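In case you want the letters, here they are:
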Amino acid sequence: MDRRTIFGGRLLPIAFVLPQLLVTFLFFLLPAGKAIYGSFTQTDAFGLHTRFIGFANFVSLLDDAGYRAAFGRTAIFCALVTLLAMASALLFAIFADHEIRGRAIYRTLLIWPYAVAPAVSAVLWVFVMHPEVGIVGRELGRFGIHWDYTVNGTQALGLVIVASAWTQVSYNFVFYLAGLQSIPSSVIEAARMDGAGGFRRFRTIVFPLLMPTTFFLLIVNLVYAAFDTFGTIMALTRGGPGQATVTLVVKVYRDGVVNLDLAGSSAQSVILMLIVIGLTAVQFRFLGRRTIS
Amino acid sequence: MATLELAGLAKSFGALAVLHGVDLALADGEMVVIVGASGCGKSTLLRLVAGLEEPSAGSVVLDGRDVTRLDPAARDIAMVFQNYALYPHMSVFENMAYGLRIRRLGRADIRRRVDQAARMLGIEGLLDRKPRQLSGGQRQRVAMGRAIVREPKLFLFDEPLSNLDARLRVQMRAEIRRLQRRLGVTSLYVTHDQVEAMTLGDRLVVMHEGRPAQVASPLEVFSRPANTYVAGFIGAPAMNFLPARLADAGRAAVLKAGPVIAFADGPRAGRDGRALIIGIRPEDVTVLPEGAAQGLRLAVDLVEPLGSETLLHGRLPGGAAFTVQRAGMVRVGEEMTVGFSPASLHVFEAETGRRLEPVSLAPPARVESSAAMHGSR
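Computed from a predicted structure; not experimentally measured. Residue positions are counted from 1 within each chain, in the order its sequence is given. In the order they appear in the text, chains get letters beginning with A and ligands get numbers beginning with 1. Residue-level local features of this predicted model are given only where pLDDT is at least 70; pairs of side-chain atoms are given and counted only at 80 or more, and the full residue set underlies all totals for whole chains, interfaces and linings.

This brings us to the overall build of chain A. Only runs of H or I of at least four residues qualify as helices and only runs of E of at least two qualify as strands under DSSP, and these elements are numbered from the N terminus. The helix and strand tally for chain A stands at 12 helices and two strands. Each helix (α) and strand (β) of chain A, taken in turn from the N terminus, gives the series α-β-β-α-α-α-α-α-α-α-α-α-α-α. A principal-axis box enclosing the C-alpha atoms of chain A has dimensions of 75 × 75 × 30 Å. In this scheme every C-beta is placed from the backbone, and a residue whose C-beta has 20 or more other C-beta atoms within 10 Å is buried, one with 12 or fewer is exposed, and one in between is partly exposed. When each of the 293 residues of chain A is scored for burial, the buried share is 31%. Two residues qualify as being in contact provided that their C-beta atoms, derived from the backbone, are within 7 Å of each other. Taking as baseline every contact in chain A between residues at least 6 positions apart, the subset at least 24 positions apart corresponds to 66%.

What follows is the structure in structure tokens.
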């Protein structure tokens, strides 16, 4: 269907898109431009002189062991959040795809966490896992587990991974359930007639047919884990203990806002921006091809 | 290749009984077509045989083995689905090889069987394509190929032609019949299309409201329909039904439209006045010369020229709808006199709709059906 509208003049269509362009310019292009500019400059301690230093900020970042550690930590964090969120969502979707009693309730409950704000979700996790007040956290000691994520960095990282994955499960669940329901039942039945058991049907029919969904969710989850978990991490651990839960985004905030290293923080932002652009490009290419075929 | 016996096969979904106990036996290599309007339970019956649904009662015995509680995978049955149900992410070759891989056939064996089936179906050039690159007819062939390579004991066809256009449907119909004869695989074929049913089946099962209304050869179903439902369902255009009453000590019928017709094949049981329905196929009706003393006056209200024949729809004096089929293209007036040979009549009991055979001939010798069961391959 042709959905183009033909306008007589130039003024009206420009007026229509202007507010959106203005918002994009003010709140995205302008700050992004400043960040890119800032990443190539150095400012003295009083903010009086600014000079252009080329790629020096980037070079010193790559030399910084702390930054490289944060990079590696973020990679592990993203991989585990994505894996956990997608695998459990797929499992739940497979359960919910069956004709089960109370299916509507089950589905609603699974979608609920998505409506919970990151900070609120973090508070919920504190209620559950805090070593002194958490209903699970305070009991863990009885089973011989020395649980205190406020001092144990590994436990802290584990906690923010699980908490971050938890909110994302709902989103993935919705997509996986829709994906499962779009597989014609006769295709599954044909596989049954061909003699394929449940696990083989999943491995050779269902999972391959879910590949478009899986790929889409992979990108979305990576972006989510890398960028949208800031609120959860800050509310749960503030990046601590030490650097244990400092991901790249948290580091941008710490270095720029807390430690006022604006140039270094800008350089980090630019690197993050490049990563997002890369991921989005991959996704666009893929989704574009999918809509054609 | 195998025999199939269904005994008292029934299925209810909750309180809704879809199938009320079906008994049916298929001889080795026989092709039986289950035909009926939508909602008659024919697809459910097929799914029960396939094992995709669990029966509420009854049993499915394939080649002497009770498979009622077995998983579809363990039954050695192949099915061709209405929407083909090809695996969209696999090539044609992989689609056909899938079931063979599961059965752990060797690579060379799989190659040989798939190639052979592909040649048989004329799709050997498409083996590397994906289903979405195929036309409807080609997909249909791949679906058939996937069933053939398995060399199963039983083929099930679930309205396999209903997604094809009319021309392709006729072509594939003939092809399916040829293939089935050549392979000699016992087959159960479900369709709502009576032409498909008549041309494909060694025997037909006409289903009506979850019960087989008649199980017989196509010829017998057509020439001796067991009740008014079968009579109206099989044959196009549909049979005319005229209300009547038994008269002359069972030797004749008085039509509500007027005339008295003497039965050509013998008297019917029952006292005079018993309510009857007289069936007459539109192609058995003749147009009498104007002014004929016998016959029925027909007020024509619609003429459908079909090329090789013309259908005349109208009403009889009693108000009953009546259709006449005449060969070729004919011009007609608004009124005409029609008649029919008493030998072409079908007599049914009005109350139950059941066919009434002449007393002297009952029970009838079922020549056609037994021939179809054993000899017509």
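There is more to say after this.
This part covers the overall build of chain B. Counting its regular elements, chain B contains nine helices and 20 strands. Seen along its three principal axes, the alpha-carbon backbone of chain B occupies a region of about 80 × 45 × 40 Å. The burial tally for chain B puts 40% of its 377 residues in the buried class.

By definition, a nonpolar core groups buried Ala, Val, Leu, Ile, Met, Phe, Trp, Tyr and Cys residues that are joined through C-beta atoms within 7 Å. One finds A89 of chain A together with V33, I34, M79, L156, L188 and V206 of chain B to be the most contacted residues of the largest nonpolar core, which totals 152 residues. When residues of this core are assigned to their parent elements, the largest contribution, 12 residues, is made by helix α6 (residues 153-181) of chain A. V206 of chain B has contacts with V35, G36, P212, A213, Q214, V221, V230, F233 and I234 of chain B, leaving out every residue within four places of it along the chain.

The next subject is the domain arrangement of chain B. Residue and element names in this part refer to chain B. Along its sequence, chain B is carved into domain 1 (4-227) and domain 2 (230-363). Marked domain ranges trace back to an automatic or database domain assignment. Its C-alpha centre places domain 1 at a distance of 37 Å from the equivalent point of domain 2. At the junction of the two partners, domain 1 supplies 10 residues and domain 2 supplies 11 residues. Only β10 (211-216) and α7 (218-223) provide two or more residues apiece to the side of domain 1 that touches domain 2.

All names here are of chain B. Relative to the elements of secondary structure, L316 occurs in the loop between β17 (309-315) and β18 (321-327). Between the C-alpha atoms of L316 and G258, which are 58 residues apart in sequence, the distance is 9.7 Å. Once residues within four sequence positions are removed from consideration, L316 is found in contact with A257, L296, L298 and F322.

As a further point, take the sheet that holds strand β12 (residues 252-255) of chain B. All names here are of chain B. Two strands form a pair only when DSSP identifies at least two bridges running between them. Across the sheet, which stays open at both edges, the five strands sit in the order β13-β12-β11-β14-β20 with antiparallel pairing between neighbours. Edge positions in the sheet fall to β13 (260-262) and β20 (346-349), since each of these pairs with one other strand and no more. Put simply, the sheet's adjacent strands are angled 40° from each other on average, direction ignored. Sheet topology note: the strand β11 (residues 240-247)/β12 ladder contains four bridges and is antiparallel. Considered in β12, the bridge of L246 is made with A253. Angles shown run from 0 to 180 degrees and are taken between the N-to-C directions of axes, each axis being a line fitted to C-alpha atoms and, for helices, limited to the stretch in contact.

Moving on, we get to the sheet that holds strand β15 (residues 285-288) of chain B. All names here are of chain B. In space, the five strands of this open sheet follow the order β15-β19-β16-β17-β18, with antiparallel pairing throughout. Pairing within the sheet leaves two strands with one partner each, and these edge strands are β15 and β18. Recorded for the sheet is a direction-independent mean angle of 50° between the axes of neighbouring strands. Two strands pair when backbone bridges link them, and β17 and β18 are joined in this way by seven bridges, in the antiparallel orientation. Opposite H313, over in β18, you have T323 as the bridge partner.

Opposite the 17 residues of chain B that make contact, chain A presents 15 residues. Breaking the side of chain B that touches chain A down by element, the ones donating at least two residues are β6 (77-80) and α2 (92-102) of chain B. Residues were grouped as follows: Ala, Val, Leu, Ile, Met, Phe, Trp, Tyr, Cys and Pro as nonpolar; Asp, Glu, Lys and Arg as charged; and all remaining residues, including Gly, as polar. Within the side of chain B that touches chain A, the residues separate by chemical class into 13 nonpolar, three polar and one charged.

Residue and element names in this part refer to chain A. When the terminal C-alpha atoms of helix α8 (residues 198-209) are compared, their 15 Å separation across 12 residues agrees well with the 16 Å that a helix rising 1.5 Å per residue should span. By the burial criterion, the buried members of α8 are T204, I205 and L209. What you see down the axis of α8 is that its buried residues fit within an arc of 105°, all on one side. Of the exposed residues in α8, the ones pointing more than 90 degrees away from its buried face are G198, F199 and R203. Helices are assigned an expected span. That span is 1.5 Å times one less than the residue count. This arc describes the spread of directions from the helix axis toward the C-beta atoms.

For the rest of this paragraph, the subject is the domain arrangement of chain A. Frequently, the measure chosen for interface size is the accessible area that the parts lose on association. All names here are of chain A. In terms of domain boundaries, chain A breaks down into domain 1 (1-39) and domain 2 (56-292). Using only C-alpha atoms to locate each centre, domain 1 and domain 2 end up separated by 32 Å. Facing the five residues of domain 1 at the interface are eight residues of domain 2.

All names here are of chain B. Between A236 and the following residue, P237, the backbone shows a cis peptide bond with an omega angle of -5°. For E209, which is not glycine, the phi dihedral falls at a positive 50°. Looking at where E209 falls in the secondary structure, it is placed in the loop between β9 (203-208) and β10. With a phi angle near 55°, D248 is a residue other than glycine that sits in the positive phi range. The residue D248 is located in the loop between β11 and β12 in this model. For D248, a count of 13 C-beta atoms within 10 Å translates into the label partly exposed.

Before going further, it helps to spend a moment on the pairing of strand β8 (residues 186-191) of chain B. A regular strand places its side chains so that they alternate between the two faces of the sheet. Residues and elements named next belong to chain B. Extensive coverage of β8 is indicated by the burial of six of its six residues. Side chains of β8 alternate between two faces, with T186, L188 and V190 and S187, Y189 and T191 buried alike. In this structure, strand β3 (residues 31-35) lies alongside β8, joined through five bridges in parallel fashion. Looking at β8, one finds that M31 is bridged to S187. Seen with its strands pointing away from the viewer, a crossover is right-handed when the path leading from the first strand over the helix to the second is clockwise. Between strand β7 (residues 154-158) and its parallel partner β8, the chain crosses via helix α5 (residues 166-183), and the hand of that crossover is right-handed.

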